Amino acid sequence: MEDRLIFDARYLVGIGQIDREHQKLFELADKIYDCLVVDVIVPMKEIRAAITELIEYTKIHFANEEQLMRSSDYPDLEEHRGLHAYLISRIEDFEKSVERGEQVTPVDAYEFLCEWLGDHIRDKDKNFGEYSSHREEQGSGVRP
Ligand SMILES: [Fe+2]
């Protein structure tokens, strides 16, 4: 079982909008974590609602992030879009399982989140933050 994810400075990308959206993703992940650790049995409905909420917000966030990358001519946009597409396909697998009424374990969902929030944000999204601050030094960065 993974430890609870805590949003701290390691996850800051340095772009206000992205950092706020990432923080919101952590909050949604936290709801899933809560389903895992409570002593009483959490109703399946609640777990599904937490996963669905996360899926919906993830899609919005990825679209926003890609839009910011596009508007700042980020050279790794296509590669990054590919990573997002992969993550979305994994999330949609969860979604399909939820829709089919299958037993979606919050542990699976949470492990996926740890992998994504842990590695993707700290590595790939940070690269964009660095690119953006570099551009800002040159007068054309993204600071929404
Ligand atoms: Fe990303």
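## Comments concerning the coordination of the iron ion
- Taken together, the protein donors to the iron ion comprise Glu-65 (OE), His-80 (NE2), His-84 (NE2), His-120 (NE2) and Asp-125 (OD), at separations of 2.1 to 2.3 Å.
- As a motif over one chain, the donors of the iron ion read E-x14-H-x3-H-x35-H-x4-D. Placement of His-80 in helix α3 (residues 77–99) and of His-120 in helix α4 (residues 106–137) is noted, with a sequence separation of 40 residues between them. Each member of the pair His-80 and His-120 is classed as buried.

## Remarks on unusual backbone geometry
- Look at Asp-73: it is not a glycine, yet its phi comes out positive at around 55°.
- By secondary structure assignment, the location of Asp-73 is in the loop between α2 (44–71) and α3.
- Overall, the relative accessible area of 57% leaves Asp-73 in the exposed class.

## A few points about the pattern of salt bridges
- This model, assessed by the stated rule, comprises eight salt bridges.
- Via salt bridges that share partners, Arg-4, Asp-30 and Asp-34 belong to a single interconnected network.

## Regarding the environment of Ile-88
- Within the secondary structure layout, Ile-88 lies in helix α3.
- C-alpha of Ile-88 to C-alpha of Phe-62: the two residues are 26 residues apart in sequence and 9.0 Å apart in space.
- Beyond its immediate sequence surroundings of up to four residues, Ile-88 is in contact with Thr-58, Lys-59 and Phe-62.

## A word on the packing of aromatic side chains
- Evaluated as defined, the whole model comprises six aromatic pairs.
- Where Phe-7 meets Tyr-11, the ring centres are 6.2 Å apart and the plane angle is 25°; that geometry is what we call stacked.
- Arranged with centres 4.8 Å apart and planes meeting at 65°, the rings of Tyr-11 and Phe-26 form a pair that is edge-to-face. Remark: Phe-26 occurs in helix α1 (residues 16–37) and Tyr-11 occurs in the segment before α1; sequence separation between them is 15 residues.
- The class of Tyr-11 is buried, set by a relative accessible area of 3%.
- Judged by its relative accessible area of 4%, Phe-26 is buried.
- Through pairs of rings, three or more aromatic residues link up here, namely Phe-7, Tyr-11 and Phe-26.

## Here's the deal with α3
- With 23 residues, α3 ought to run about 33 Å at 1.5 Å a step, and its terminal C-alpha atoms sit 31 Å apart, in line with that.
- Along α3, the positions that sit buried rather than exposed are Leu-77, His-80, His-84, Leu-87, Ile-88, Ile-91, Phe-94, Glu-95, Ser-97 and Val-98.

## Some details on the side chain of His-80
- Here His-80 falls in the buried class, since its relative accessible area comes to 3%.
- In this structure the side chain of His-80 is engaged in a polar contact, spanning 3.1 Å, whose partner is the side chain of His-120.
- If near-sequence neighbours (up to four positions away) are discounted, His-80 is found in contact with Glu-65, Met-69, His-120, Lys-124 and Asp-125.

## What about the confidence of the model for the protein?
- Across the protein, the average pLDDT comes to 84, with 87% of residues at 70 or higher.
- At the level of individual helices and strands, the protein shows its lowest average pLDDT in α4, which scores 85, and its highest in α2, which scores 89.

Rules of the game
Residues numbered from 1 in each chain as written. Predicted model: local features only at pLDDT ≥ 70, side-chain atom pairs only at ≥ 80, totals over all residues. Heavy atoms only, no water. Donors = N, O, S within 2.8 Å, 3.2 Å for Na, K, Ca; no water. Helix = DSSP H or I, 4+ residues; strand = E, 2+ residues; numbered from the N terminus. Buried < 20%, exposed > 50% of the residue type's maximum accessible area, 1.4 Å probe, protein only. Salt bridge = Lys/Arg side-chain N within 4 Å of Asp/Glu carboxyl O. Contact = heavy atoms within 4.5 Å. Phe/Tyr/Trp six-rings, centres within 6.5 Å; stacked < 30°, edge-to-face > 60°. Expected span 1.5 Å × (residues − 1). Polar contact = N/O pair within 3.5 Å; in protein donor to acceptor, adjacent residues only side chain to side chain. pLDDT = per-residue confidence, 0-100.

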